[in-house]
Amino acid sequence: MTTDSQTEYMMALIDLHRGLDRKGPGDSDYSRNILSNLSKVPPKPRIADLGCGSGAGALLLAQHYNSTVIAVDSSSVFINELKARAKLLGIEHLVIPICGDMAKLDWSVGSVDLLWSEGAAYNLGFEQALKIWRPLLANNSIAVISELSWLTDHRPEPAIAYWQNAYPTMGTKAENTTRANRSGFSVLSTHRLPSQAWWANYYDPLRERIRQIDITSSLQSVIRETEEEMRMFEKFSDFYGYIFYVLQATEEKSL
Ligand SMILES: C[S@@+](CC[C@H](N)C(=O)[O-])C[C@H]1O[C@@H](n2cnc3c(N)ncnc32)[C@H](O)[C@@H]1O
């Protein structure tokens, strides 16, 4: 793809997700459950949601902790949606939306107590994201990152071929644990997002959006690929899925 066609593709992808509460698989109750089991977060944590989309995580985090959340996304469309949603919920004073690159944050070292990132780290690559984000966290602080992961060592050929093209560095839980350790984190726990949450909270609303949207030529290829992604998940959800990695920043950094 040329830069122009890449930009056009990204704009179409953003357009397709316009108005959806979630821009990727996730589930609010599932997230709350993870948060309620985090014992190492201070009462008023300094929180960041990186690759926040329109705020599925950021809004929930702000409400859960009644604390400020800095929410970063590269899409101004999604950031504007986040602002509107925060206002509607009456919590705009708790959300600091930033339209920017989550790989280039010039924040002070150790300025974040809880780093949250749902379905976004893969844009940088899991390990690369962890290495870039680790300095933002003080020693012993917590990061919760959902990452598309292989669930089994034996995988069907069509799933391998698909992900070899779409996300070649996708790892297993064991591989991602090694990557996290290499990046200055220990893994406290892992939680697999149930497949049902992919459908109920992401793919079903996305299908509805596809039914309603005016299909321009630039949207055609995005929709074709999105539908292929859904067909893959329909067939092979036993073999890959989102895992939430609950990580703790270790004192020994082997960066
Ligand atoms: C799959 S969506 C998940 C969004 C949100 N966390 C959610 O669960 O609804 C991934 C998000 O990462 C954002 N993103 C991708 N690359 C980024 C970058 N380099 N910096 C900031 N945001 C980025 C996209 O705009 C998109 O909103």
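Reference entry: report on the structure contained in this document. Fair warning: this is a prediction, and the values are worked out from it, not measured in the lab.

**Quick word on the overall build of the protein chain**
- Along its length, the protein chain carries nine helices and seven strands.
- Taking 2.2 N^0.38 as the reference for a compact globule, 255 residues should give roughly 18 Å; the C-alpha atoms of the protein chain span a radius of gyration of 18 Å, in line with that estimate.
- On the principal axes, the C-alpha backbone points of the protein chain span a range of 50 × 45 × 35 Å.
- With 255 residues in all, the protein chain has 35% of them scored as buried.
- In the protein chain, 80% of the contacts between residues at least 6 apart in sequence involve partners at least 24 apart.

**Considering the nonpolar core**
- Among the nonpolar cores identified, the biggest contains 55 residues, and A48, A58, L115 and A143 are the most heavily contacted of them.
- Ranked by residues supplied to this core, first place goes to strand β7 (residues 240-249) with eight residues.
- Residues contacting L115, with those up to four places away along its chain left out, are A48, L50, W133, L136, L137 and A143.

**A few points about the site of the ligand**
- Every one of the 21 residues lining the ligand counts as a neighbour, but G24, G51, G53, M102 and N123 are closest to it.
- Of all the secondary-structure elements, those providing two or more residues to the shell around the ligand are α3 (56-65) and β2 (69-73).
- Taken together, the residues of the shell around the ligand break down into seven nonpolar, nine polar and five charged.

**What to know about the environment of N80**
- Of note, N80 is situated in helix α4 (residues 76-88).
- You can call N80 partly exposed: it has 13 C-beta atoms within 10 Å.
- Here the alpha-carbon distance between N80 and G53, two residues 27 residues apart in the chain, equals 9.7 Å.

**Overview of the sheet that holds strand β4 (residues 112-118)**
- With mixed pairing, the seven strands of this open sheet are ordered in space as β3-β2-β1-β4-β5-β7-β6. In the strand order of this sheet, the two ends are held by β3 (95-99) and β6 (185-192), each with one partner. Taking the axes of each pair of neighbouring strands and ignoring which way they run, one obtains an average angle of 20 degrees across the sheet.
- Pairing analysis gives four bridges linking strand β1 (residues 47-50) to β2, with the strands arranged parallel.

**As for the environment of A12**
- When you line up the elements, A12 lands in helix α1 (residues 3-17).
- Residues A12 and S218, spaced 206 residues apart in sequence, show a C-alpha to C-alpha distance of 6.1 Å.
- When residues no more than four places from it in sequence are discounted, the contact partners of A12 are S218, L219 and V222.

**Quick word on α3**
- Taking burial as the measure, the ten residues of α3 include eight buried ones, the bulk of the element.
- For α3, every residue scored as buried is listed here: A56, G57, A58, L59, L60, L61, A62 and Y65.
- Considering only its buried residues, α3 is in contact with α2 (28-36), β1, β2, α4, β3 and β4.
- N66 sits one or two positions beyond α3 and adopts a positive phi of about 45 degrees.

**Some details on unusual backbone geometry**
- The residue N66 is not glycine, and still its phi comes out positive at about 45 degrees.
- Relative to the elements of secondary structure, N66 occurs in the loop between α3 and β2.
- Using a count of 10 C-beta atoms within 10 Å as the deciding quantity, one classes N66 as exposed.
- Positive phi is not limited to glycine here, since N140 has a value of about 75 degrees.

**Some thoughts on the packing of helix α5 (residues 126-133) against helix α7 (residues 173-182)**
- At a closest axis distance of 9 Å, the pairing of α5 and α7 adopts a crossing angle of 25 degrees. One finds that α5 runs roughly parallel with respect to α7. Handedness of the crossing formed by α5 with α7: right-handed. Across the interface between the two elements, F126, E127 and L130 from α5 touch N176, R179, A180 and R182 from α7.
- Residues belonging to the contact of α5 with α7 are distributed by class as follows: three nonpolar, one polar and three charged.

Reading the values: the criteria
Residue numbers here run from 1 along each chain, matching the order of that chain's written sequence. Only residues with pLDDT of at least 70 get local features here, since the model is predicted, and only at 80 or more are side-chain atom pairs given and counted; chain-wide, interface and lining totals rely on the full set of residues. Secondary structure elements are defined from DSSP: runs of H or I of at least 4 residues count as helices, runs of E of at least 2 residues count as strands, and each element is numbered from the N terminus. Radius of gyration means the value over C-alpha atoms here, while the globule rule gives 2.2 Å times the residue count to the 0.38 power. Residue burial here comes from a neighbour count, namely the number of other C-beta atoms, placed from the backbone, that lie within 10 Å of the residue's own C-beta, with 20 or more meaning buried, 12 or fewer meaning exposed, and in between meaning partly exposed. C-beta atoms are first placed from the backbone for all residues, and any pair lying within 7 Å is then listed as a contact. In this usage, the nonpolar core is the set of buried Ala, Val, Leu, Ile, Met, Phe, Trp, Tyr and Cys residues whose C-beta atoms join them within 7 Å. Nearness is defined per residue: the C-beta atom, placed using the backbone, must lie within 6 Å of the molecule or strand. When residue character is reported, Ala, Val, Leu, Ile, Met, Phe, Trp, Tyr, Cys and Pro are called nonpolar, Asp, Glu, Lys and Arg charged, and the others, Gly included, polar. A strand pair is defined by DSSP finding two or more bridges across the two strands. Between the N-to-C directions of two axes lies an angle of 0 to 180 degrees, each axis being a line fitted to C-alpha atoms and, for a helix, fitted only over the stretch in contact. Each angle receives one of four descriptions, namely roughly parallel if under 35 degrees, roughly antiparallel if over 145, roughly perpendicular if within 65 to 115, and oblique otherwise. If you view the pair so one helix is near and one far, a crossing is left-handed when the near helix is turned anticlockwise from the far one by less than a right angle, and right-handed when it is turned clockwise.

Distances and angles like these do not, on their own, reveal function.
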